[in-house]
Amino acid sequence: MQRRARPARATPSAETTLPSRLASLLLLALLLPPHRLLGQAVAVTISGRVQDAQSKAAIPFLVVQLRTERDSALVGGRLTDATGAFSFSGLTKGTYLLEARRIGFRPLRQRVLVGELSPFLDLGVLALDPVTQALGAVAVLARADEVASAMDRKSYSVADNVSQVGGSALQAMAALPGVTLGQDGRVQLRGSDKVAVLIDGKQTALTGYGSQAGLENLPASAIERIEIISNPGARYDANASAGVINLVLRKQDQEGVNGKVGLVGGAGALWVRRENLPTIRPQFQRTPKVNPSLALNRRKGANNAFLQADWLYAPTLNRNEFATRTYDDGSVVLQQVKRNRRTDYATLNVGVDHAIDGRNTLTVSGLFNREKILDWGDNPYFNGTATPASRDRLWQFLEDEVKYTAFGTAVLTHAFLQPGHKLLVTGNYSFHREDERYDFTNTLPTLTGTDAFKLLSDEHVVDLNLDYTRPLRQGRVEAGFKGRRRSIPVNMRFRPGVASVIDPGAGGWADYRETIPALYANYVYEGPSLELEGGLRFESVHVDYEVNPDHNTYRSDGYRYDRLFPNVRAAWKLDDSNKLSLFFSQRVDRPNEVDIRIFPKYDEPELIKVGNPALRPQFTTSVDAGYKASWRQGSLYLAVFHRLVDGTITRIATQAPGSRLLYNVFQNAGRSRNTGSEVVWQQGISDQVRVSANASVYENRFDAFSVVNRYPVPVNYAAPNERLISGNVKLNANITSQRGWETRLSGMWLAPDLLPQGRIGDRYALDVGVRRSVQRGKGEIIFNATDLFNTMQVRRTIRGTGFRLTSVDYLETQVIRVGYSRKF
């Protein structure tokens, strides 16, 4: 039985505004030197086996030495075991000489090139014989800096981004080179929001399956590093054409008991940037932020147990958008969409690594999350002028939502005798519940009504993965299988009141079911001057969307496809410091369940969002060329790229006939293109100053298209060809003083960009962070400020058949934080 609708609750009071944004100071600050973002070095292992060339018998207890070619310095020596096997680990990039001697055999001396791709290489069988010929060069991955040597990814340590400590994963990602936030706060890579976000290399309901979810509340304190993979290989799901962002959670493996505890506190919305329109409740101000975190690890013998716990309490002025709707008949509507939000977000990640024996390891872990959201919303609508007398409607609501996520994974790793030769068997189960209730108060000039709706959604996902890797003499082969079964039953119940905009005939139930078996194979070759990587992924996708037969507009639908997705990379090493690389790939973006969800959403009663069960995947072909130059104190990376998208997925807003209500519906808008270039530069100016810069320029083009929005009644919409050049610039600086203080400055400017029905304006901000190590390196204190001068605003212009909408969102972006952490 549904409970009675409650009137919307009151919110904290507002205060007077401070001076407007300091744009000139921001531009001056952006001229300050930028900072460095660090990547992680990769340790490399080479292995082989020595045998008698004539008898083929293993040669045990043979001394094998590895020296540098440049000066013959000894790197290390090993004794072969009873099978003649040996290995050297922890190698860095360079050219080496492998030597082996024994009385009665001709000495072996082989040149070994440590390259830039595979972390494990197999030298194969080395034969000692009076006539043995020297073997060819071998390539091994040695290190990776900000832009990986294969030029398919970038890696960043979250701890180095002191200006975002205590914030969310979304804020940490938005500060990285090449990453921007588009409409609705979605992460974009190179101007596209078709990005998959993984946790420890796996898709979870916490961050969305092939989409983006929960990033604005996931604490950055839980993350060790962020990997941006712009050209994912065949091992990754074909979903997400713009690339993959992998969030690597914190995990220690030191002997004994160790860990880290931290606490960050702060405040946002320090002043009112624009006063409310008349007759609504105050905006949130001086919103408190609290982020405690705890990491524990215990390693003893064959077992390693770990725990990471984070809690983020973050009230925010989540949205504060002022808009004007102008209709072709001359009528004008002024409106404000204000959302005061209180969020409690708790995350717990626990697990155990157990070495069953010398060749088999079992890892079992669980990730648990509870997110509680309370939204107090005020949406006033005025005819022509913003005065109490001209107010046509005041729509107020309380959103009470709880989300629960549980993700369990078990990984069995079998290591073969050869280092790096392994088989992984992974089983994952993910559960996500969305329990949401809205209570509305609809105040009209002559009456007041109350409305409500209740939504319950349970997502179940089961994955089974097999991943096989075998090192080769000059590269590696990878192959695997992935099977997924996903189901999302959703139940929506509407309770309309007097003079309600709610459509009770659009409620009921829907059931989303997805089955995806996939196979992949990948081959990597690396020679002294040439690198090749080729992969192929086959996916058989079957999606069924069963809809309540009483729904007044939509019917059951679905789609299926069986398709190959190739990817190819070729690179030429001009010398040890310069490389050219080419990429080609084909990928897909499947509609997420919320994109096809049949239930309208009424947080804005006059701009109503709804899904589309007839939505189909969009398919993307990408070509990318890159050049990387490295030197002792820095590097430069240049890239040009082109993406061709068929069946572009986007929202289209149309006006209902005889009404001023707008309906925003997902559609396939035809063909689009994204062409541009990117530059990443980093340089050490001195021992105390490191700088980096990132810039991208791209053109977005949309071909002419026409669609029909079928909800609530069919409405045709046609758009002409559109094109716009956009881009972004980010400048960063890390400055370390002789007294141990480290300061980080980060400035960004995002150029205007194209939307299928309009444009989004330019945005800019400056972040700053300071930290110092204390207590002999055990402790650390931090201070940071995001959007220091409070300049970040989101301006949009939307054009539709019969109307034009312009808006500016003054949502909370400025936050000041202080914090302390200690290792033990």
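That block above? That's the structure.
Each residue is numbered by its place in its chain's sequence as written, counting from 1. Note on the predicted model: pLDDT of at least 70 is required for a residue's local features to be given, and 80 or more for side-chain atom pairs to be given and counted; whole-chain, interface and lining totals, by contrast, use all residues. Computation of side-chain values: all heavy atoms of the structure, hydrogens and water removed.

Side note on the overall build of the protein chain
- Think of it this way: any DSSP run of H or I at least four residues long counts as a helix, any run of E at least two long counts as a strand, and we number them from the N terminus. Counting secondary structure elements, the protein chain contains 3 helices and 45 strands.
- Note on classification: 1.4 Å probe, protein chains only; a residue is buried when its accessible area is under 20% of the maximum for its type, exposed when over 50%, partly exposed between these limits. Counting across all 824 residues of the protein chain, residues that qualify as buried make up 56%.
- To measure how exposed things are, a 1.4 Å probe is used in the Shrake-Rupley method; for residues, cover is taken only from the protein chains shown. Carbon and sulfur atoms make up 57% of the accessible area of the protein chain, which totals about 32,800 Å².

Regarding the sheet that holds strand 6 (residues 108–114)
- One open sheet holds the 4 strands; their spatial order is 3-2-5-6, and the pairing between them is antiparallel. Each of the sheet's edge strands pairs with one partner strand only, and the pair in question is strand 3 (74–79) and strand 6. Going from strand to strand, the sheet's axes swing by 20° on average, the running direction of each strand aside.
- A strand pair is defined by DSSP finding two or more bridges across the two strands. Alignment of strand 2 (residues 63–68) against strand 3, held across 5 bridges, turns out to be antiparallel. Across the sheet, residue Leu66 finds its bridge partner in strand 3, namely Gly76. To define axes, lines are fitted to C-alpha atoms, for helices over the stretch in contact only, and angles between the resulting N-to-C directions are given on a 0 to 180 degree scale.

With respect to the pattern of salt bridges
- The salt bridge criterion pairs a side-chain nitrogen of Lys or Arg with a carboxyl oxygen of Asp or Glu, the two atoms within 4 Å. By the definition in use, this model includes 54 salt bridges.
- For Lys289, the salt bridge goes to Glu812, with nearest N and O atoms at 2.6 Å. Separated by 523 residues along the polypeptide, Lys289 in strand 15 (residues 287–300) and Glu812 in the loop between strand 44 (803–809) and strand 45 (815–823) bring together distant segments of the chain.
- Overall, the relative accessible area of 8% leaves Lys289 in the buried class.
- Asp439 is the salt-bridge partner of Arg437, the closest N and O atoms lying 3.0 Å from each other.
- With relative accessibility at 5%, the residue Arg437 sits in the buried group.

Quick look at the nonpolar core
- Counting residues in hydrophobic clusters, the biggest one holds 54 residues, and the most contacted among them are Phe440 and Tyr602.
- Counting residues in hydrophobic clusters, the runner-up holds 29 residues, among them Val179, Ile228, Ala242 and Leu367. We define the nonpolar core as a collection of buried residues of types Ala, Val, Leu, Ile, Met, Phe, Trp, Tyr and Cys that are connected through side-chain atoms lying within 4.5 Å of one another.

Let's talk about the layout of surface pockets
- The definitions used throughout rest on a 1 Å grid laid over the protein atoms alone, on which a cavity is an enclosed set of points accommodating a 1.4 Å probe that cannot get out and a pocket is an open set flanked by protein within 12 Å on both sides along at least five of seven lines; lining residues are those having an atom within 4 Å of a point. Grid points are joined across faces, edges and corners, and a volume is the space filled by probe spheres set on the points. In this structure, the second largest pocket encloses a volume near 890 Å³.
- Taken together, 45 residues line the second largest pocket, and the ones lying closest to its centre are Ala159, Arg250, Lys260, Ser821 and Lys823.
- Contributions of two or more residues to the lining of the second largest pocket are made by strand 14 (256–268), strand 15, strand 16 (303–313), strand 41 (763–774), strand 42 (779–786) and strand 45.
- Taken together, the residues of the lining of the second largest pocket break down into 15 nonpolar, 19 polar and 11 charged. Side-chain classes are defined by residue name, with Ala, Val, Leu, Ile, Met, Phe, Trp, Tyr, Cys and Pro counting as nonpolar, Asp, Glu, Lys and Arg as charged, and the others, Gly among them, as polar.

Some details on the sheet that holds strand 32 (residues 662–668)
- If you walk across this open sheet you meet the 3 strands as 28-32-31, and the pairing is mixed. Of all strands in the sheet, those bounded by a partner on one side alone are strand 28 (607–610) and strand 31 (649–655). Sheet twist, expressed as the average angle between the axes of neighbouring strands with direction ignored, equals 30°.
- Relative to strand 32, strand 31 runs antiparallel, the two sharing 7 bridges. Bridge pairing links Ile649 to Asn668 in strand 32.

Observations concerning the packing of aromatic side chains
- Whether two aromatic rings pair depends on their centres lying within 6.5 Å, for rings of Phe, Tyr and Trp, where Trp uses its six-membered ring; planes under 30 degrees apart make the pair stacked, over 60 edge-to-face, and the rest tilted. Under the definition given, this model contains 19 aromatic pairs.
- Relative to Tyr438, the ring of Phe397 lies with its centre 5.4 Å away and its plane at 50°, an arrangement referred to as tilted. Of this pair, Phe397 sits in strand 20 (residues 391–415) while Tyr438 is found in strand 21 (residues 422–443), placing the two residues 41 residues apart along the sequence.
- Taking relative accessible area as the criterion, Phe397 reaches 0% and is therefore assigned buried.
- A relative accessible area of 0% places Tyr438 in the buried class.
- Summarising the aromatic geometry, the rings of Tyr561 and Phe565 are spaced 6.3 Å apart at their centres and angled 75° between planes, so their arrangement reads as edge-to-face.
- Among the residues examined, Phe565 registers a relative accessible area of 4% and is labelled buried.
- Of the aromatic side chains, those joined through ring pairs into one cluster are Trp395, Phe397, Tyr438, Phe440, Phe453, Phe494 and Tyr602.
- Over a ring means this: the NZ of a Lys or the CZ of an Arg is within 6 Å of the ring centre and within 35 degrees of the ring normal. Over the aromatic face of Phe322 sits the side chain of Arg274, whose NZ or CZ is 4.1 Å from the ring centroid.

A look at the pairing of strand 23 (residues 475–495)
- Bridge count between strand 22 (residues 448–472) and strand 23: 19 bridges; the pairing is antiparallel. Residue Ser457 lies in a different strand from strand 23, and its bridge partner there is Val490.
- Connecting strand 22 to the antiparallel partner strand 23 that follows it, the hairpin turn spans 2 residues.

Digging into the environment of Asp463
- You can see Asp463 is positioned in strand 22.
- Since its relative accessible area comes to 4%, Asp463 is described here as buried.
- Along the chain, Asp463 and Thr426 lie 37 residues apart, while their C-alpha atoms are 7.9 Å from each other.
- A polar contact is formed between the side chain of Asp463 and the side chain of Arg484, at a distance of 2.9 Å. Contacts described as polar in this section are N or O atom pairs within 3.5 Å, which, within protein, must combine one atom able to donate a hydrogen with one able to accept it, while residues neighboring in sequence count only if both atoms come from side chains.

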